[in-house]
Amino acid sequence: MPKPSAINREAASFRSAESAGFQWSAFIGPLCILILMASVWSGRDRLAFRDVSHFYTPLYQYVGERCAERPLSYFWTAMWNPLDQTGMPLAGETTTAVYYPVRHLVYSLPFPSNESRGEQGAIHDLPEELPEDASLALAVYVTLHLILASLAAFWAARRLGCEPASSVIASLIYPLSGSVLFLTTNPPFLVGAAWLPLSLVPLLDSSHRGWKLPTVALAMMVLGGDPQTALHESMVAGLWWLLNGVIAVCKRESWQESLSGLLRLVGVAAGSAVLATPQIAASLSWARHSGRVWSEHEASQSFAFSVAPWRWLELAMPALFGSPWPVNHRWDRPLLLGTDVSPIDALWTPSLYVGLSALILVAVCFYRRDPKQVRGLAVWIFVLLTSGLAAMGWYGPGHAPYRWLMDWVPGYEAFRYPAKWLPFGTLALAIMAARGAQILFQQAGKFEPRLQRVIEHRAALIGAVVMSGGLLSSVCIWQALNSIDAVAADRVWGPFQIDEAWLNGLGTIVHVLVVATIANLCWVAMQFRTQPSVMRWGWVALVACDLLVAHWNLVPTIDRTAELAAWRDLDHSEDMPEQATRWIRTAGSGEYPAEWTTTSDPQRLLAMEVHDRHRWYGRWHLVQEAAVFNSVVSIRPWTIDQFWTATRQHPTPIDWQQTAAWLGVGGSRSPSGKVHVWPTQSIRLHGRDQVKLEREIPWSKRMEMASETGDQADSIAVPAAAFTAGRTDETFVSRRVYQDGGWRAELLAQDSTVDPISIQVFAADGIGQGVWCPPGSWTIRWIYQPPWHTGSVVVGIWGWLAMVVVSVRCICRGRSWTSSSAVHT
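Think of each chain on its own: its residues are numbered from 1, step by step along the sequence as written. pLDDT decides what is reported in this predicted model: residues at 70 or higher carry local features, side-chain atom pairs at 80 or more are listed and counted, and totals for whole chains, interfaces and linings draw on all residues regardless. Heavy atoms from the whole structure form the basis of all side-chain values; hydrogens and water molecules are not counted.

Visitor: Explanation requested: the overall build of the protein chain in the structure shown.
Guide: The secondary structure listing takes helices from DSSP runs of H or I that are at least 4 residues long and strands from runs of E that are at least 2 residues long, numbered from the N terminus. The secondary structure content of the protein chain amounts to 30 helices and 16 strands. Here the term buried applies to any residue with accessible area under 20% of the maximum for its type, exposed to any over 50%, and partly exposed to those in between, with areas from a 1.4 Å probe on protein chains only. Looking at the protein chain as a whole, 53% of its 825 residues qualify as buried. Should any heavy atoms of two residues lie within 4.5 Å, those residues are counted as being in contact. Nonlocal contacts in the protein chain, meaning residues at least 24 apart in sequence, comprise 80% of its contacts between residues at least 6 apart.

Structure (structure tokens):
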């Protein structure tokens, strides 16, 4: 019998080897991500397409510049954004991530684009020079969160008992899957996906009682701009607790464990709310004005980006149905939906692929039928089914369960997009694949030599099935493409290219055949007692190559040098000849050139990005510090929605220049960059008899008045509180800045010895604000100071301090326990 000291040395040696394996294997996933994203974080390319380009590249740059004004205390003062609509609170749009420490850190780094505008040089003031943007900072931001997603998935698999090689497989599948990797086009939801494993796994793993990590992770989701994923996670954890509680009652088990689990869930939710209090308070305050909350939604809006049932084939076959961009060859929609495509079928991601090699490992989990393994997988099967059904949205059974969420969860309809549930299912598949790899590695080489011929025959049969499946799939794709009669051309990507669709389909089949063949050979080699460590890391290499090859071009990018050349080729002769107080974007003859509908071009993405930037689509106006009334924002005030509804319902043609002047807009800009400027009043004065109640001047009358008299309108609509507050001799002084409840004002007399007089600011015409000013000569000081801000910041700071203190104490206790155990041994 070995001596205790020898046993201790052997155990210590094992732990040391295991720790060493953990230390280097955890970074295989991040290394693959760095290789995949090398062109953008190196600065050669920039992220393009959808929100990451026209929305978050300029928006995060603007937020970074505003925070840089007070780098260590930016959170103490509420910031107002005067450049969108008629103004809005900067933190009210949750996706701005004003209080998110990772965003603040990245945009504080000395990248060229993070410099102040004065330090960038005068050359960028020339219209033919491309204005400097923070695309490099955003590339680093996105890459960091992909790396975090990889490390978090690795940690989750290790926590659930997987060895390092199996955990690496999870760390590759999760961030490199189509549903997570394509979130690079929508950074706030990538933030939520990155923190998801660190919060969901501890809440669902009943063998551990940790609460600090899920609390911090949930708070980071909210601070990073993705409260929807945090809400989804709370729903999943709550449903799993409820299901376990019902089972416990049926089995007449003790209820104490269920009660402790409920208290833990409530505690984590409450703790994360405390840590994210400033953002939650800002979001709730602005949500009271949101058009998403008060406007009625059509089914096509509420269920937009639903995952159709046939798309689940993409889990095993990369880019099976092609992509609409940059060359239009997406063929499932014209085949199954016809020429008219509803927003319900819009693509959140063109690929759901998680890796055929990964799905093979998932199948291993269920093939072995180990009762203990099945019990451990039950929770992830639950997560997979729940999230999958929710992601289907409109295509769910009876539109459920997404319909139930909209009907039963207050305010849920404002979140939108069922496809946001996809990362939950991807994480479940990654965990199950890691479990399958664990089983496969443990069973490797345990078959008897007499079964060699059986194994060979089985491998040959699998190979024959794979080849036959590939041939059958190619025939099916060919027949499907031939059956498509007419496909409506896309206004941006042009006509449908059937040859490109066929080549893409062949590429998909070849990819599947190669991966399946290699996986089959690896399985055979493992049965013949090939060195276990070689086969472990061989499977890791297979999964990595599978996903990297399949998704090498999934992240849309454009070359910065080519963008600059295309920008210089544009006509800048009329770009901003004069400054206007606020601009309005006009559609002109169309948002995009008419010839794009009839032509196809592999460089169409580059052309579209330059065109969108030139016409200030999205938030590109922020880069040039220009205010735009009809900019694209994530949460628009309900009164702005009412304005646009009234313009569409107006019975006679509207004089848009007069109406724009009424809005406080002093210039228009066409898609080609041509501008037109006119004078407008920034401050407007109305006597007591000209101030009317809002119900006396509905939006239809306001449109008529605006179209006829512009900024010379002799009436102004105010709420009842403002109407009753004014006296006969007072004048109502207004300006076109939105009143969200956070503005107050002070009257300053000419005599400096007189103290400022605090006065209330009221809403005016639904889109502006105003104050009652007594007779005399006064200067009005407008102050943005929401009543909730200071208190929420104090609560958040105390919450983070408490979390740090508790964490430090736990670390110290852990070290003390380790030291005492070593001495005792």
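Visitor: Sorry if this is basic, but what is going on with the layout of surface pockets here?
Guide: In this approach, a probe sized like a water molecule rolls over the atoms, and the result shows the empty space that is left. As a volume, the second largest pocket reaches approximately 1,100 Å³. In this analysis a 1.4 Å probe is tested at points of a 1 Å grid over the protein atoms alone, and where it fits but cannot get out there is a cavity; an open set with protein on both sides within 12 Å along at least five of seven lines is a pocket; lining residues have an atom within 4 Å of a point. What lines the second largest pocket is a set of 42 residues, and nearest its centre among them are Pro326, Trp552, Asn553, Leu554 and Val555. Listed by contribution, the elements that provide at least two residues to the lining of the second largest pocket are helix H2 (28-36), helix H3 (38-41), strand S1 (45-47), helix H22 (498-527), helix H23 (532-550), strand S4 (557-559) and helix H25 (604-614). Grid points are joined across faces, edges and corners, and a volume is the space filled by probe spheres set on the points.

Visitor: Got a minute to help me understand empty space enclosed by the protein in this structure?
Guide: Taken as a whole and assessed by the stated rule, the structure comprises five cavities of 30 Å³ or more. Each pocket or cavity is described by its volume, and for the largest cavity that value is around 100 Å³. Around the largest cavity, the lining comprises 18 residues; the ones closest to its centre are Ala78, Met79, Ala91, Tyr99 and Trp788.

Visitor: How should I be thinking about the packing of helix H11 (residues 227-250) against helix H12 (residues 256-275) in this particular structure?
Guide: Axis angle and axis distance: for two packed helices, these are the angle between their axes and the distance between the axes, and together they describe the pair. Fitted lines through C-alpha atoms serve as axes, helices being fitted only where they are in contact, and the angles separating the N-to-C directions of these axes extend from 0 to 180 degrees. Direction vectors running N to C along H11 and H12 enclose 170 degrees, while the axes themselves pass 10 Å from each other. In terms of orientation, H11 and H12 fall into the roughly antiparallel class. Contact with H11, carried on its side by Ala237, Gly238, Trp241, Gly245 and Ala248, involves Ser258, Gly261, Leu262 and Leu265 of H12 and no other residues of that element. All residues other than Ala, Val, Leu, Ile, Met, Phe, Trp, Tyr, Cys, Pro, Asp, Glu, Lys and Arg, Gly among them, are scored as polar; the first ten of these are nonpolar and the last four charged. Classifying every residue of the contact of H11 with H12 gives five nonpolar, four polar and no charged. Between 65 and 115 degrees an angle is taken as roughly perpendicular, under 35 as roughly parallel, over 145 as roughly antiparallel, and anywhere else as oblique.

Visitor: Explanation requested: the sheet that holds strand S6 (residues 667-669) in the structure shown.
Guide: Hydrogen bonds along the backbone pair up the strands of a sheet, which may run parallel or antiparallel. When DSSP finds two or more bridges between two strands, those strands count as paired. Judged by pairing direction, the sheet is mixed, and its three strands sit side by side in the order S5-S6-S7 without closing on themselves. The open sheet has two edge strands, strand S5 (583-585) and strand S7 (675-677), and neither has a second partner. Strand-to-strand twist in this sheet, taken as the mean axis angle between neighbours without regard to direction, amounts to 20 degrees. As paired strands, S5 and S6 are joined by three bridges and run parallel to one another. Residue pairing in the sheet places Ile584 in a bridge with Ser668 of S6.

Visitor: Help me understand the packing of H2 against helix H7 (residues 164-176) in this model?
Guide: H7 packs onto H2 with a crossing angle of 30 degrees between their chain directions and a minimal axis gap of 8 Å. Crossing hand, H2 versus H7: right-handed. Facing H2, whose interface residues are Ile28, Gly29, Cys32, Ile33 and Leu36, H7 presents Val168, Ser171, Leu172, Pro175 and Leu176. When grouped by side-chain class, the residues that make up the contact of H2 with H7 number eight nonpolar, two polar and no charged. Should the near helix be turned counterclockwise from the far one by less than a right angle, the crossing is left-handed, whereas a clockwise turn marks it as right-handed.

Visitor: So what exactly am I meant to see when it comes to the sheet that holds strand S13 (residues 757-760) here?
Guide: Pairing in this open sheet of three strands is antiparallel, and the strands run S13-S12-S16 from one edge to the other. Both edges of this open sheet fall to S13 and strand S16 (778-784), since each of them pairs with a single strand only. When the angles between neighbouring strand axes are averaged without regard to direction, this sheet yields 30 degrees. Sheet topology places strand S12 (residues 743-749) next to S13; four bridges connect them, and they run antiparallel. Residue pairing across strands places Arg744 opposite Gln760, the latter belonging to S13.

Visitor: Which parts of the structure should I look at to understand the pattern of salt bridges?
Guide: Two side chains with opposite charge may pair up if their charged atoms get near one another. We count a salt bridge whenever a side-chain nitrogen from Lys or Arg sits within 4 Å of a carboxyl oxygen from Asp or Glu. The final tally for this structure, using the stated rule, is 22 salt bridges. Two residues, Arg311 and Glu314, come together in a salt bridge whose shortest N-O distance is 2.9 Å. Arg636 is paired through a salt bridge with Asp641; the nearest N and O atoms lie 2.7 Å apart. Taking the relative accessible area as the measure of exposure, Arg636 reaches 31% and is therefore partly exposed. For Asp641, a relative accessible area of 15% translates into the label buried.

Visitor: How should the nonpolar core be read in this particular structure?
Guide: The term nonpolar core refers to a set of buried residues drawn from Ala, Val, Leu, Ile, Met, Phe, Trp, Tyr and Cys, joined through side-chain atoms within 4.5 Å. In this structure, Ile169, Ile173, Tyr174, Trp331, Trp380, Trp421 and Trp539 are the most contacted members of the largest nonpolar core, which totals 182 residues. If sequence neighbours within four positions are ignored, Tyr174 has contacts with Ala149, Ala153, Val180, Ala193, Leu196, Pro197, Pro423, Thr426, Leu427 and Ala430. Val665, Met703, Met705 and Ala706 belong to the second largest nonpolar core, which has 20 residues in total.

Visitor: Could you clarify how one ought to interpret the environment of Ile780 in this entry?
Guide: Structurally, the position occupied by Ile780 is in strand S16. A relative accessible area of 22% places Ile780 in the partly exposed class. Sequence-wise, Ile780 and Ser758 are 22 residues apart; in three dimensions their C-alpha atoms are separated by 9.9 Å. Filtering out sequence-adjacent residues up to four positions away, Ile780 remains in contact with Val733, Ala745, Glu746, Leu747 and Val771.

Visitor: What is the right way to look at the confidence of the model for the protein chain in this model?
Guide: A low pLDDT score tells you not to read the predicted coordinates there in detail. On average, residues of the protein chain score 86 in pLDDT, and 89% of them reach the 70 mark or higher. A residue's pLDDT is simply how confident the predictor is in it, with values from 0 to 100. Across residues 1-18, confidence stays below pLDDT 50; counting only partners more than four residues off in sequence or on other chains, it has four contacts. A low-confidence stretch, residues 117-125 stays under pLDDT 50, and its non-local contacts, those more than four residues away or across chains, total 13 contacts.

Visitor: What am I meant to see in the packing of aromatic side chains here?
Guide: In this description, an aromatic ring pair is defined by two values, namely the gap between the centres and the angle between the planes. Only centres within 6.5 Å qualify two rings of Phe, Tyr or Trp (six-membered ring in Trp) as a pair; their planes then separate them into stacked at under 30 degrees, edge-to-face at over 60, and tilted for everything else. One pass over the full model with this rule turns up 39 aromatic pairs. Centre to centre, the rings of Trp24 and Trp537 are 4.9 Å apart; their planes meet at 40 degrees, and the pair counts as tilted. Of this pair, Trp24 sits in helix H1 (residues 4-25) while Trp537 sits in helix H23, and the two are 513 residues apart along the sequence. On the basis of relative accessibility, which here comes to 47%, the residue Trp24 falls in the partly exposed class. Both rings, one in Tyr60 and one in Tyr141, keep their centres 5.7 Å apart while their planes meet at 80 degrees; by these two values the pair is edge-to-face. Taken as a pair, Tyr60 in helix H4 (residues 51-68) and Tyr141 in helix H6 (residues 135-159) lie far apart in primary sequence, 81 residues in all. Like Tyr141, Tyr60 is buried.

Visitor: Looking at this model, I keep getting lost on H23. Mind explaining?
Guide: Each full turn of the α-helix corresponds to 3.6 residues, which orients residues three or four apart in the same direction. Multiplying one less than the number of residues by 1.5 Å gives the expected span of a helix. Under the 1.5 Å per step criterion, the end-to-end length of H23 is 27 Å for 19 residues, consistent within 8% with the ideal 27 Å. Among all positions of H23, only Met535, Trp539, Val540, Leu542, Val543, Ala544, Asp546, Leu547 and Leu548 are buried.

Visitor: Please explain the side chain of Asp546 as it appears in this structure.
Guide: Structurally, Asp546 can be placed in helix H23. Think of it this way: Lys and Arg go in the positive column, Asp and Glu in the negative one, and His and the chain ends go nowhere. Here Asp546 occupies a buried position and makes no salt bridge, while the nearest side chain of opposite charge, Arg311, is found at 16 Å. For this analysis, a polar contact is any N or O atom pair within 3.5 Å, provided that within protein one partner can donate a hydrogen and the other can accept it, and provided that sequence-adjacent residues contribute only side-chain to side-chain pairs. Within polar-contact distance, the side chain of Asp546 engages the side chain of His511 at 2.7 Å. For Asp546, the contacting residues outside a window of four places in its chain are Tyr353, Gly355, Leu356, Ser357, His511 and Val515.

Visitor: Explain unusual backbone geometry here, please?
Guide: Where the residue is not glycine, phi is negative for most of them; where a peptide bond is considered, it is trans in most cases. Note the cis peptide between Trp325 and Pro326, where omega equals -10 degrees. Within the element layout of this structure, Pro326 appears in the loop between helix H15 (299-302) and helix H16 (332-336). Going from Ala400 to Pro401, the amide bond is cis rather than trans, its omega being 5 degrees. Tracing the backbone through its elements, the reader meets Pro401 in the loop between helix H18 (371-392) and helix H19 (402-408). The phi torsion at Tyr417 lies on the positive side, around 70 degrees, for a residue other than glycine. Note on placement: Tyr417 falls in the loop between H19 and helix H20 (422-443).

Visitor: Before we go on, may I ask you to explain the side chain of His551 in this structure?
Guide: As for its position among the elements, His551 is in the loop between H23 and S4. A distance of 3.0 Å separates polar atoms of two side chains, one belonging to His551 and the other to Ser351. Setting aside chain neighbours within four positions, we find His551 in contact with Leu36, Leu176, Ser177, Gly178, Leu181, Ser351 and Tyr353.

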